[in-house]
Amino acid sequence: MRAMSHRKRSAVEEDLQLKGNGSSIGTDMDWTDFNKEEIAPHVKEITRVLEGKIREQEIEKDLDNYLNVYRMSLEASKRHIVRKYGGDPNALTKGERKMLSQLGLSEQSVDLLVRVMSSNVREVSVGGNPKTIQSGILADENGNTVKFTVWDVSKADLKAGENYLIRYAYTKEWSGQPEVHLGNRVVVELRPQDEVRVPDDVVVPQASSGYSAPIVAKVSDLRENMNNVTLTGRILSLRTKDVETPSGKKSMYTGIIADETGKVEFTAWHDFGLKDNEVITVSNAYVKGWKGIPRLSFGERGQVTRPKIKMPAAAELSQAARKSIDELERAGWASDVIVTGTIVDIKKGTGLIFRCPECNRVVQKGVCQVHGKVQQVPDLRIKVVVDDGSAAITAVMKKDVTEQLTGITLKAALEEARETMDAEAVANRFEEILLAKPIEIRGNVISDDYGLSMNVNEARFIELDVRAEAEVLLKRIEVI
Ligand SMILES: [Zn+2]
């Protein structure tokens, strides 16, 4: 039985190009079947994500098969079924659903089913610019309450008296209590009135008003448009730049500051006497985005102190951090991180492409959509989807990374295309080299309307052979 389930699992993993990890081998030993009742809510969720395009019976059959025959994990099964029918696996719920009484002081991603008891909109100053935020009080069916803040009112507009399913919220501590924050990753769904019935005797506290509470943040907590941020970190690099402003020449101080959660670029618009390698606490800073990556800024209203605390050395902080893709999804960005996973899809425009010399856009048959017929310039590129079992990310590699990873140079690709008179041949070779391969990628991560993507600076294939691992494990058991 055990051997058979291994064989089946291996076969399906081959089939699905799934990456294996140690834990999936472990759970195989004490597996119990999922019954219809346990599967039902997940079938409903997959149906919702696929917008009803596939019948529930069909999905139930698939899910039952992957779970109980192939012994895939629940998460992997759901993601695979959604992908198989052309849906977006990232639309599956990932945050953990909690009641308000269960909220910790620093939840990374949490789902809440709540009623809005009060809500008001106010303007705060973010880096000198006015910004609208929303705050108020949420309550749940148990009658507990919590304060909330919406940082991007275009993502969520919570109206008093309505019920909402809030996904991907996070919490921060304020006066010893958790406060719920709705950042730019949040997804909010209006729910029917009878779904949350708040007890009549709930006491609704006054929401704070008129000022923006300071946020003590780690680097990975930083989000675009945050205001009044306090952050402690070590300065990894520093340079002075003179810039012309309408009010004359000004010095700015830019560099990289890091803590144990990550690195971020900063700009100081005032001379705080900053030094390379020192540990500072900056308060009343604000966060602006640049190409999707947050940047910390502080000016004359900011304060810098030098706390006597332990902080890892610069050499350690400079290393690229290893992250799981769902961690990156929660943060929405990261600067210089390493991800490992399996290439599960190859996007169009991978391999030999041609660009417009004017605007760098990819051209089709020598015609740029803006500049018309142009003298096209050949280039190599890789655009693939990497999945690590927790989530997926689009990895984009420029020519040098592509050449180094595949061993195919632009020159060789051009020659091959010329010889075979077929650009497809190069694309097929790329597919052969890339598809289903475990890979390690390093770079900066951003998220936009198309989801999470990494601008890859380094890439290499790695060994992730789950079948070999399983066989070793089985042999060891037989010896015992
Ligand atoms: Zn062009």
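Residues numbered from 1 in each chain as written. Predicted model: local features only at pLDDT ≥ 70, side-chain atom pairs only at ≥ 80, totals over all residues.

**With respect to the pairing of strand S6 (residues 177-182)**
Going by this rule: Residues are called buried when their C-beta atom has 20 or more other C-beta atoms within 10 Å, exposed when it has 12 or fewer, and partly exposed otherwise; all C-beta atoms are positioned from the backbone. Every helix listed is a DSSP run of H or I at least four residues long, and every strand listed is a run of E at least two residues long, numbered separately from the N terminus. Being paired, for any two strands, means DSSP has found at least two bridges between them.
Burial runs high along S6: five of the six residues are buried. Note that strand S5 (residues 163-174) and S6 share five bridges and pair antiparallel. Among the inter-strand pairings, glutamate 173 is bridged to a residue of S6, identified as proline 178.

**Here's the deal with the packing of helix H4 (residues 56-69) against helix H5 (residues 74-84)**
The condition that has to hold: In this analysis an axis means a line fitted to C-alpha atoms, helices contributing only their contacting stretch, and an angle means the value between N-to-C directions, from 0 to 180 degrees. These descriptions rest on fixed angle ranges, namely under 35 degrees for roughly parallel, over 145 for roughly antiparallel, 65 to 115 for roughly perpendicular, and the rest for oblique. By definition, any crossing whose near helix is turned counterclockwise from its far helix by less than a right angle is left-handed, and any crossing with a clockwise turn is right-handed. Here contacts are defined at the residue level, using C-beta atoms placed from the backbone and a cut-off of 7 Å between them. Three classes are used: nonpolar for Ala, Val, Leu, Ile, Met, Phe, Trp, Tyr, Cys and Pro, charged for Asp, Glu, Lys and Arg, and polar for all others, with Gly counted as polar.
Relative to each other, H4 and H5 sit at 140°, their axes nearing to 10 Å. If you check the angle between H4 and H5, you find them oblique. In the crossing of H4 with H5, the sense of the turn from one axis to the other is right-handed. Contacts from Ile59, Asp62, Leu63, Tyr66 and Leu67 in H4 reach Leu74, Ser77, His80 and Ile81 in H5. Residue composition of the contact of H4 with H5, grouped by class: six nonpolar, two polar and one charged.

**Description of the pairing of strand S4 (residues 145-150)**
Burial of S4 is extensive: six of the six residues sit out of reach of the surface. Going residue by residue along S4, you find Thr145, Lys147 and Thr149 tucked away on one face and Val146, Phe148 and Val150 tucked away on the opposite face as well. Examined bridge by bridge, strand S3 (residues 129-139) and S4 share six bridges and lie antiparallel to one another. Counterpart to isoleucine 137 in the pairing with S4 is lysine 147. Hairpin connection between S3 and S4: a loop of five residues separates the two successive antiparallel strands, and glycine 143 in this loop has a positive phi of roughly 90°. Taken together, the three bridges between S4 and S6 define a ladder with parallel strand orientation. Counterpart to valine 150 in the pairing with S6 is leucine 182.

**A closer look at the environment of glutamate 463**
Following the sequence through the fold, glutamate 463 ends up in the loop between strand S23 (451-461) and helix H11 (466-479). Spatially, the C-alpha atoms of glutamate 463 and proline 438 are 6.6 Å apart, while their sequence positions differ by 25 residues.

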